[in-house]
Amino acid sequence: MSSAPPSTAALLLSFEGTEGCGKSTQIRLLQEYLIAKGLRVEVLREPGGTSVGEAIRHLLQHAREGEGLVAEAELLLFAASRAQLIRERVVPLLRQGVWVILDRYVDSTTVYQGIGRGLPQQTIENLNAFASDGLLPHLTFLLDLEVTRASARIEQSGRSLDRMERQPQSFFEAIRAGYLHLAETQPQRIRRINADQPREQVHSEILQHLSPHLHGASA
Ligand code: Z5A
């Protein structure tokens with residue numbers, strides 16, 4: 001999977017990491033920063049981001065019916081949400097020159113379904129390529145945080161856990177290790193950011209990675 005997004009001007013960015021690592025917080029800060037620079041920016045989440053995708057998200061994370069999902073069906077539902085999102089929103093937005101920030105993307109499937117659920121990596125690679133139409137982000141920010149630190153943040157926020165989050169700590173340790181391996185093997189695209197720092201510091205590290213791409217960017 002290696003095709004470039006269909007626009008020379010607008011970038012496709014994605015954020016990855018274990019739950020509670022600060023993706024939503026950093027995406028918000030980055031969106032504000034880019035908008036202040038005069039860029040048009042859309043934030044979309046996975047699963048979700050379209051009506052179909054949000055219905056799939058509900059089934060995967062919150063609906064009682066989702067409790068019985070087998071790993072293979074779970075994988076196909078994430079892929080279905082992605083196929084819809086890419087064609088209905090992401091590609092048209094990039095063509096209009098709108099920057100797109102994705103809250104999770106193909107790397108989530110590689111680690112959660114591949115490593116977490118133990119599904120065959122080749123199947124996942126093929127399905128990721130099919131669902132995404134081969135579209136990879138220009139840059140992916142991996143917010144890396146120790147699992148116990150991330151759980152403490154979620155606990156502190158007071159929100160309840162969804163189906164995907166009710167896994168043992170070992171599951172999330174494996175996910176974190178999987179992400180770190182991906183960042184090591186694809187250093188051009190995937191940038192590991194130490195998320196165990198104050199919000200502003202994390203934001204500023206993200207901007208450092210982005211700055212070569214910002215040169216000359218305009219709406
Ligand atoms: N999934 C999958 O299995 N396969 C796939 O292909 C895809 C997804 C696409 C989606 O989760 C689930 O789907 C996810 C993977 C799976 N499940 N699991 N398990 P989601 O989108 O519902 O939620 P999430 O991605 O796990 O994110 P989150 O829990 O909402 O956390 P976050 O966005 O990374 O963090 P946050 O909300 O910005 O911050 C969490 C708290 O920490 C909050 O109270 C903040 O105020 C605080 N915070 C943030 N930054 C800091 C710093 N720097 N210091 C201290 N405190 C901070």
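Below is a short write-up of the structure. Predicted, not measured: the structure shown is a model, and the values here were computed from it.

Here we look at the site of the ligand
Not every one of the 26 residues close to the ligand is listed here, only the nearest: Glu 19, Ser 24, Thr 25, Thr 109 and Arg 159. Within the side chain of Arg 159, one N or O atom sits 2.4 Å away from an oxygen atom of the ligand. The fraction of the free accessible surface of the ligand (1,100 Å²) that becomes covered by protein chains is 85%. For the ligand, the cavity whose grid points lie within 2 Å of the majority of its atoms is the largest pocket.

Brief notes about the packing of helix α1 (residues 23–36) against helix α8 (residues 199–214)
Between α1 and α8, the shortest axis-to-axis distance is 10 Å and the interhelical angle comes to 50 degrees. In terms of their interaxial angle, α1 and α8 are classed as oblique. Along this stretch, α1 crosses α8, giving a crossing that reads as right-handed. The segment α1 lies against α8, with Thr 25, Gln 26, Leu 29, Leu 30, Tyr 33 and Leu 34 engaging Arg 199, Glu 200, Val 202, His 203, Ile 206, Leu 207, Leu 210 and Leu 214.

Comments concerning the layout of surface pockets
Reported here for the largest pocket is a volume of approximately 1,000 Å³. For the largest pocket, the lining is made up of 39 residues, of which Glu 19, Gly 20, Lys 23, Ser 24 and Arg 159 are closest to its centre. When residues of the lining of the largest pocket are traced back to their parent elements, those giving at least two are α1, α2 (51–61), α3 (71–95), α4 (106–116), α6 (147–157) and α8. Within the lining of the largest pocket, the residues separate by chemical class into twelve nonpolar, 14 polar and 13 charged.

What counts, and where the lines are drawn
Residues numbered from 1 in each chain as written. Predicted model: local features only at pLDDT ≥ 70, side-chain atom pairs only at ≥ 80, totals over all residues. Heavy atoms only, no water. Near = heavy atom within 4 Å. Polar contact = N/O pair within 3.5 Å; in protein donor to acceptor, adjacent residues only side chain to side chain. Areas by Shrake-Rupley, 256 points an atom, 1.4 Å probe, with all protein chains shown as cover. 1 Å grid on protein atoms, 1.4 Å probe; cavity = no way out; pocket = protein on both sides within 12 Å on 5 of 7 lines; lining within 4 Å. Sits in = over half its atoms within 2 Å of the grid points. Axes fitted to C-alpha atoms, helices over the stretch in contact; angles between N-to-C directions. Helix = DSSP H or I, 4+ residues; strand = E, 2+ residues; numbered from the N terminus. Parallel < 35°, antiparallel > 145°, perpendicular 65-115°, else oblique. Left-handed = near helix turned anticlockwise from the far one by under 90°. Contact = heavy atoms within 4.5 Å. Points joined across faces, edges and corners; volume = space filled by probe spheres on them. Nonpolar A, V, L, I, M, F, W, Y, C, P; charged D, E, K, R; others polar.

In short, shape yes, function no, at least from these values alone.
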